[in-house]
Amino acid sequence: MTTLSDVMEVLKERGVDHELRLMEDGKLLDTDSGRTFSADGVKIIRTYRFEGESNPDDAAVLYLLENTEGIQGYIINAYGAYSDYDGDMFDNFIRNLPVEEREW
């Protein structure tokens, strides 16, 4: 699996199709259902990194997350200056999450 779309397809096949978005108040929004939940107890269970062959706009990271209820979802974000989030909020959020890397 070398492309973002390949990984997204496998995740969907495995029932992980909840795209999450970090809100300014620090909560996570499930973009499909509109449900929000606390980031407390959320951990990173897998990280995928992608680099575009010729365009830095294509560089992205997909974080597979799980909360204490066992709900899994993902956040996709571009690298560095191309980040989808302003300021340090997202970087600080990700840095503070525990990591329990698992095989998929």
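Since this is a predicted model, take the numbers as computed values, not measurements.

A. How the structure looks around the pattern of salt bridges. Within this structure, the stated rule accounts for six salt bridges. Between K43 and E100 there is a salt bridge, with the nearest N and O atoms lying 3.2 Å from each other. Of this pair, K43 sits in strand β4 (residues 43-50) while E100 sits in the segment after α2 (89-96); the two residues are 57 residues apart in sequence, bridging distant segments of the chain. E100 gets classed as partly exposed once you look at its relative accessible area, which sits at 38%. What emerges from the salt-bridge pattern is a single network uniting K43, E66, E100 and R102.

B. Quick look at empty space enclosed by the protein. Counted under the stated rule, the structure contains one cavity of 30 Å³ or more. Taken together, H18, L20, L28, F37, V42, L65, E66, N67, I71, Q72 and G73 form the lining of the largest cavity. Counting only elements with at least two residues in the lining of the largest cavity, the list comes to β5 (60-66) and β6 (72-78).

C. The arrangement of the packing of aromatic side chains in detail. For the structure on display, the rule yields two aromatic pairs. Both rings, one in F90 and one in F93, keep their centres 6.4 Å apart while their planes meet at 40 degrees; by these two values the pair is tilted. Taken together, the positions of F90 and F93, both in helix α2 and three residues apart, correspond to about one turn of that helix. Judged by relative accessible area, F93 falls into the buried class, the value being 11%. Grouping aromatic residues by their ring pairs yields a cluster made of Y63, F90 and F93.

D. Representation of the sheet that holds strand β2 (residues 28-30) in the model. The antiparallel open sheet is built from three strands, whose spatial order is β1-β2-β3. Looking at the sheet topology across the chains shown, the edges are occupied by β1 (20-22) and β3 (36-37). Alignment of β2 against β3, held across two bridges, turns out to be antiparallel. Bridging across to β3, L29 finds its partner in T36.

E. Examining the environment of G70 more closely. Within the secondary structure layout, G70 lies in the loop between β5 and β6. Taking relative accessible area as the criterion, G70 reaches 41% and is therefore assigned partly exposed. Between the alpha carbons of G70 and V42 there is a distance of 9.4 Å; along the sequence they are 28 residues apart.

About the thresholds
- Residues numbered from 1 in each chain as written.
- Predicted model: local features only at pLDDT ≥ 70, side-chain atom pairs only at ≥ 80, totals over all residues.
- Heavy atoms only, no water.
- Salt bridge = Lys/Arg side-chain N within 4 Å of Asp/Glu carboxyl O.
- Helix = DSSP H or I, 4+ residues; strand = E, 2+ residues; numbered from the N terminus.
- Buried < 20%, exposed > 50% of the residue type's maximum accessible area, 1.4 Å probe, protein only.
- 1 Å grid on protein atoms, 1.4 Å probe; cavity = no way out; pocket = protein on both sides within 12 Å on 5 of 7 lines; lining within 4 Å.
- Points joined across faces, edges and corners; volume = space filled by probe spheres on them.
- Phe/Tyr/Trp six-rings, centres within 6.5 Å; stacked < 30°, edge-to-face > 60°.
- Pairing = 2+ DSSP bridges.

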